[in-house]
Amino acid sequence: MKLINPYLLAITTMFVMSCTSKKEVSSLKDSYKNDFYIGTALSADQIEEKDAKVDSLIRKEFNAITSENIMKSMFIHPQKDKYDFTLSDKYVAYGEKNKMLIHGHTLIWHSQLAPWMEQIKDSTEMKAFMKDHITTIVSKYKGRINSWDVVNEALNDDGTLRKSVFSNTLGENFLVDAFKLAAAADPKVDLYYNDYNLEDPAKREGAINLVKKIKAAGGKVDGIGSQAHWKLNSPSLEEIEKTILDFSALGVKVAFTELDITVLPNPWDLKGADVNQKFEGNPKMNPYPEKLPDSIQDKLAQRYADIFKLLLKHKDKISRVTFWGVYDGQSWLNDWPIKGRTNYPLLFDAKLAHKKAYDAVLNLKESKE
Ligand code: G3I
């Protein structure tokens, strides 16, 4: 009988073990632990840990969480004299249990308001609402929630102030009031202004002016959140970089708060072609109902790699990068801007398997360490 060389066996075993353990410990949050938080948005079901597989994926990969919907006004403050903290209590407890950075989304937003809030008519009523709403919610989680989106999406795409029940009653001052109220309720919590399309120069300029005005009026702004609902080809890396530099020059933290990358055709890009075309149920608008072709999978991986390479270059300015959802199957982009499509915007597919894009993001770190 041929004897096995014990030295060779030991070396082989060690090699196999080191490969296996490296694979096992690899995760987004561990790989990026010295750079910035890696977060995900949680649905109500995920907060309630309804699916054990999804839950272990969340705990393995992410060290920051955002409430995707449950803290929005219509859910947390459904009637003037009634708050419902059932799910937000569970959300905060989940983050504490798993030692995650807990982000609150969002205090003041024109969308997903409770119907009674839409009826607020004048500045006196609005001031009273904001004081009660912000003070009640922020104080309740004082010292437990790490950061808040104080105001979400106050700007139009051209950088001007969006018309809303808030701006209609208080003008631009609603932002100053909101940031002051939040700071008064929890002086230590980080306060963010959050918006999308901030890589467009006009809107970015609008956000910069807004933050300057809030600060000049005595409000505390700790960070700006760029939502980062991006496409395969836009915004350009140059505009993303300018955004990071311009915002950090204001002396605030920069966060990418709702990152996802759509791979599907956008109806607005096609509208010029035929204004009468029907988008919902149109197979041309839903080109990959079963599987993402390898060529697009590669493009998505390259896009994520390019983005994370840039974010790493500016890691000293970036506090957090949060994906808008855990896996493709749950993404809001399956139903927007056209209902019932199959999109592939995240790092995990509908079966929770990691995609090439995940490896691309991880490889940026592992090749260096
Ligand atoms: O609450 C109802 C539920 O009662 C009903 O059974 C169900 C049936 O579809 O709908 C539920 O409401 C949905 C709600 O999410 C809560 O789950 C709405 O239909 C759905 O449109 C809504 O979408 C959310 C959207 O905000 C609303 O504007 C998305 O899940 C959420 O991902 C999205 O998140 C926003 C950020 O907050 C701000 N930035 C943009 C981002 C993407 O739109």
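Here the structure is a predicted model, which means the values were calculated and not measured.

Some words on the site of the ligand
As a matter of local geometry, the ligand sits amid 14 residues, with Glu68, Lys72, His105, Glu153 and Glu258 nearest to it. Here an oxygen atom of the ligand sits 2.4 Å away from a polar atom, N or O, in the side chain of glutamate 68. Protein contact buries 49% of the 790 Å² of open area that the ligand shows by itself. Considered class by class, the residues forming the shell around the ligand number four nonpolar, six polar and four charged.

Re the nonpolar core
Among the nonpolar cores identified, the biggest contains 104 residues, and Met130 and Phe308 are the most heavily contacted of them. Per-element accounting of this core gives the leading share, ten residues, to helix H14 (residues 294-313). With residues up to four places along the chain from it excluded, the contact list for methionine 130 reads Ile108, Thr135, Phe166, Leu170, Phe174, Asp177, Ala178 and Leu181.

Things to note about helix H4 (residues 52-61)
Those residues of H4 that sit buried are Val54, Asp55, Leu57, Ile58 and Glu61. Across the axial projection of H4, the buried residues extend over an arc of 160°, all falling on one side. Turned more than 90 degrees off the buried face of H4, the exposed positions are Ala52 and Lys53. Those residues of H4 that are buried lie in contact with helix H2 (28-31), strand E1 (37-42), helix H3 (44-47), helix H6 (86-97) and helix H15 (356-366).

Some thoughts on the pairing of strand E9 (residues 318-323)
The element E9 is extensively covered by neighbouring structure, given that six of its six residues are classed as buried. In terms of strand pairing, E1 meets E9 through four bridges, oriented parallel. By the bridge assignment, glycine 39 is partnered in E9 with threonine 322. In this structure, strand E8 (residues 253-262) lies alongside E9, joined through four bridges in parallel fashion. Each residue of the ladder has a partner; that of phenylalanine 256, found in E9, is valine 321.

Cut-offs used in this document
- Residues numbered from 1 in each chain as written.
- Predicted model: local features only at pLDDT ≥ 70, side-chain atom pairs only at ≥ 80, totals over all residues.
- Heavy atoms only, no water.
- Near = heavy atom within 4 Å.
- Polar contact = N/O pair within 3.5 Å; in protein donor to acceptor, adjacent residues only side chain to side chain.
- Areas by Shrake-Rupley, 256 points an atom, 1.4 Å probe, with all protein chains shown as cover.
- Nonpolar A, V, L, I, M, F, W, Y, C, P; charged D, E, K, R; others polar.
- Core = buried A, V, L, I, M, F, W, Y, C linked by side-chain atoms within 4.5 Å.
- Buried < 20%, exposed > 50% of the residue type's maximum accessible area, 1.4 Å probe, protein only.
- Helix = DSSP H or I, 4+ residues; strand = E, 2+ residues; numbered from the N terminus.
- Contact = heavy atoms within 4.5 Å.
- Arc of directions from axis to C-beta.
- Pairing = 2+ DSSP bridges.

So yeah, pure geometry; function would need other evidence.
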